[in-house]
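For reference, the chains in residue letters:
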Amino acid sequence: MGLLSEGSPLSWPETKELADHVRKHGITQFINLYNLLKDRQGDVLKWGDEIEYMLVKFNHETKKAQLSLRGQDLLPVLQVTEKETPEKATSLWRPEFASYMIEGTPGKPYGGLLAHFNIVEANMKNRRQEVCALLEKDEQIFSITAFPRLGCEGFCVPEAKPDPVNSASRSLFFPDEAIYLAHPRFRTLTRNIRERRGEKVAINVPIFKDVNTPSPFTEDLTVLGDDGEKGRSALPDHIYMDAMGFGMGQCCLQLTFQACNIKEARTLYDQLTPMCPIMLALTAASPLQRGYIADTDCRWNIISSSVDCRTREERGLEPLKTNRYRIYKSRYDSIDSYLSPEGEKYNDIPLVIDQEAYKRMRDAGIDHLLAQHVAHLFIRDPVSLFSEKVNQNDEEDSDHFENLQSTNWQTMRFKPPPPKSTIGWRVEFRPCEAQITDFENAAYVCFIVLLTRVIVTYGLNFLIPISKVDENMKRAQKRDAVLNQKFWFRKDLVSQNSPTDAESTADQEQICVEMTIGEIINGKGEEFQGLLPLISSYLSTVEVDADTHCTIHQYLRLIQKRASGDLMTTAHWIREFVTKHPDYKGDSVVSERINYDLLTKMDSIQNGTIECPSLLDHPRTKTQSSIPETMRMAESCPSTC
């Protein structure tokens, strides 16, 4: 969720008064960080995953499943080992937006040895077991993206009623009790985003029109306390949601990589950007929203709208009078520019920047591409600020920079080293949806990490115009995008054009063609090699032990079959389960009983008590909790960068 500063949260008017102060000192802090660490070299590959989990309470007598608001009870217990004996911690735990959520990561980052791929799944299983040991009877932990009936009456336990008049979000559906209240950041963000926007956030997701779905589909929101104003943003034939919790209360899977230097970090940031919509479609897992079947498969636009703090002027609905910029995207969206010299010519969409911040960075010796990237982040206002953090030492602190950096939630994140830290330049890959099982989550993690190794080793070039990436993001969220959509992707991954090569727009468009996910991942005959064959070629050149080879093979087989359509995406499987349920009435409604049966089935799948060959085939990895000591010794040998 980003920076978690402690202290006394400021109101939006107080935060607004200090916005220029935060921006000014944030730029100073970034300049200081950059000048101190720009020449840092020799960091080894380290990487790790972040999985957000949700807690569910079952009532097997009433056939009801509800979100359990006990995250703040479990978290202090889960963090005991980290605080008392950090060297023994195999998992790290952090709060997330909702009180039914927690975030888990490996206790230590993974390294450059292929043997680390064989401990990812085991670590995920260990995380799940740590939480399970603390659960009450009939309580369970899930790594699913969306709770199907989030926002429906009685969706959480203890049950809480929304307060559309006095709550932080003013939501008709999402009560403040469902926000993680043990840290002030989350409620403050909810309130300040709404107040900065000047109205509630508005989320409208197209509803799946089945045979008995009303047409047009509309809801009577007056029964929930709507006075005609609170639900005025609801669109016909759409599922309407009105709170930050509908986005930030969903779960995802993220990865962070440490590069050997800033140049490699910028390269990975750029080269992985075209993969974001591909992986979003491949991991699609959230077709159910607020008790209805959506006509989309992913959470991305939902979460983007849920934190969209832009005013009507900034959204282009009214002429600019009191605001500085027309801003084209929410602060949670896809990136707007590449960072490497090779990517510069593909920056083909409007980029609004803070000119004063840009000039300060250029005068301090920061290059154009990096300066405009940071200056683009700094067109935003801070939406969470603590009184104790207003005045900082810009030579030693970076909280003002991180305040804005961490609340620009984009598909990729470029992360400078923290002050006085052994951590290097990093890149965060953020689009993936969370999957039901540890096997699936580990497979997607290892696939992306392997892809970074292939990109760096072979010097591959995935770059396409940013506008094409944006178009792909729209297509990735459509229903059954893996089966029915084509995506822009670079035809020739080997060619390396000089950054000084001049290309017309037509030339740039000729470098990419539309392909299916299956063709991108598995290849298209002689026309396109495919990403999996490239990974297989790379693996054939490196030494890997038999157990790790077996595990990686099963991960890549899952990716291959999901991409080809031989195995369902999670979203397709969920949609099929609901529409084939005996209680389903063809009206797009996910009833309490359907919700209960779906989560019960998911629980059996994630625990391995039943198999689901249409979703998973028959996974049997050889994952282990640690790598052999001889390999660990090899990892400690010095490497060059």
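Read on for a plain summary of the structure. In this text the structure is predicted, and so the values were computed from the model without any measurement. (Residues numbered from 1 in each chain as written. Predicted model: local features only at pLDDT ≥ 70, side-chain atom pairs only at ≥ 80, totals over all residues. Heavy atoms only, no water.)

### Observations concerning the overall build of the protein chain
Inference 1: For the protein chain, the helix and strand inventory stands at 24 helices and 17 strands.
Inference 2: By the compact-globule yardstick of 26 Å for 641 residues, the protein chain fits well, its C-alpha radius of gyration being 24 Å.
Inference 3: Overall size of the protein chain, expressed as C-alpha extent along the three principal axes, is 65 × 60 × 60 Å.
Inference 4: In the protein chain, buried positions account for 60% of the 641 residues.
Inference 5: Pairs at least 24 apart in sequence give 78% of the contacts found in the protein chain among residues at least 6 apart.
Inference 6: For the protein chain, the accessible surface area stands at approximately 24,600 Å², while carbon and sulfur atoms represent 49% of it. (Helix = DSSP H or I, 4+ residues; strand = E, 2+ residues; numbered from the N terminus. Rg over C-alpha atoms; globule rule 2.2 N^0.38 Å. Buried < 20%, exposed > 50% of the residue type's maximum accessible area, 1.4 Å probe, protein only. Contact = heavy atoms within 4.5 Å. Areas by Shrake-Rupley, 256 points an atom, 1.4 Å probe, with all protein chains shown as cover.)

### Focus on the side chain of Asp-49
Inference 1: With respect to the helices and strands, Asp-49 occurs in strand β1 (residues 46–59).
Inference 2: Residue classification places Asp-49 among the buried residues on the basis of a relative accessible area of 1%.

### Notes on the pattern of salt bridges
Inference 1: Inspection of the entire model under this criterion finds 48 salt bridges.
Inference 2: With a shortest N-O distance of 3.3 Å, Arg-430 and Glu-428 are connected by a salt bridge. For the residue pair Arg-430 and Glu-428, the accessibility class agrees, reading buried in each case.
Inference 3: What emerges from the salt-bridge pattern is a single network uniting Arg-197, Glu-199, Arg-232, Asp-308, Arg-310 and Arg-315. (Salt bridge = Lys/Arg side-chain N within 4 Å of Asp/Glu carboxyl O.)

### A short note on the packing of helix α9 (residues 275–282) against helix α14 (residues 438–458)
Inference 1: Across the interface, α9 lies against α14 with an axial gap of 12 Å and an inter-helix angle of 160 degrees. Classified by the angle their axes make, α9 and α14 are roughly antiparallel. Between α9 and α14 lies a crossing of right-handed hand. Of α14, the residues touching α9 (which contributes Met-275, Met-279 and Leu-282) are Tyr-444, Phe-447, Ile-448 and Leu-451.
Inference 2: Counted by class, the contact of α9 with α14 contains seven nonpolar, no polar and no charged residues. (Axes fitted to C-alpha atoms, helices over the stretch in contact; angles between N-to-C directions. Parallel < 35°, antiparallel > 145°, perpendicular 65-115°, else oblique. Left-handed = near helix turned anticlockwise from the far one by under 90°. Nonpolar A, V, L, I, M, F, W, Y, C, P; charged D, E, K, R; others polar.)

### Description of the nonpolar core
Inference 1: Grouped together as the largest cluster of nonpolar side chains are 192 residues, with contacts concentrated most on Phe-429, Phe-447, Leu-531 and Trp-573.
Inference 2: A total of 13 residues in this core trace back to one element, the largest contributor, which is α14.
Inference 3: Apart from residues no more than four positions distant in its own chain, Trp-573 is found in contact with Ile-436, Met-568, Leu-598, Lys-601, Met-602, Ile-605, Cys-612, Ser-614 and Leu-615. (Core = buried A, V, L, I, M, F, W, Y, C linked by side-chain atoms within 4.5 Å.)

### Some details on the pairing of strand β4 (residues 101–106)
Inference 1: A large share of β4 lies buried, amounting to six of its six residues.
Inference 2: Pairing geometry for β1 and β4, over four bridges, is antiparallel. Looking across to β4, one finds that Tyr-53 is bridged to Ile-102.
Inference 3: Examined bridge by bridge, strand β3 (residues 91–95) and β4 share five bridges and lie antiparallel to one another. When the bridges of β4 are listed, Pro-95 appears paired with Ile-102.
Inference 4: Where β3 folds back onto β4 in an antiparallel hairpin, the turn is made up of five residues. (Pairing = 2+ DSSP bridges.)

### Describing the pairing of strand β9 (residues 253–258)
Inference 1: Extensive coverage of β9 is indicated by the burial of six of its six residues.
Inference 2: Neither face of β9 is left uncovered, since the one carrying Leu-253, Leu-255 and Phe-257 and the one carrying Gln-254, Thr-256 and Gln-258 both have all their residues buried.
Inference 3: The pairing of β9 with strand β15 (residues 426–429) spans four bridges and is classified as antiparallel. Its bridge partner lying in β15, Gln-258 is registered against Arg-426.

### Overview of the packing of aromatic side chains
Inference 1: Taken as a whole and assessed by the stated rule, the structure comprises 25 aromatic pairs.
Inference 2: Site record: aromatic cluster; members linked through ring pairs are Phe-97, Phe-155, Phe-173, Phe-174, Tyr-180, Phe-186, Tyr-240 and Phe-246.
Inference 3: Arg-290 extends its terminal NZ or CZ atom over the ring of Phe-173, reaching a point 4.1 Å from the ring centre.
Inference 4: Here the guanidinium or amino end of Lys-468 rests over the ring plane of Trp-488, the centre of that ring lying 3.8 Å away. (Phe/Tyr/Trp six-rings, centres within 6.5 Å; stacked < 30°, edge-to-face > 60°. Lys NZ or Arg CZ within 6 Å of the ring centre and 35° of its normal.)

### What to know about unusual backbone geometry
Inference 1: Of note, the bond from Val-157 into Pro-158 is cis; its omega dihedral lies within 30 degrees of zero at -5 degrees.
Inference 2: With respect to the helices and strands, Pro-158 occurs in the loop between β6 (156–157) and α6 (184–197).
Inference 3: At the junction of Ser-215 and Pro-216, the peptide bond is cis and its omega measures out at 0 degrees in the coordinates.
Inference 4: Secondary-structure assignment places Pro-216 in the loop between β7 (203–206) and β8 (238–241).

By themselves these figures say nothing about function.
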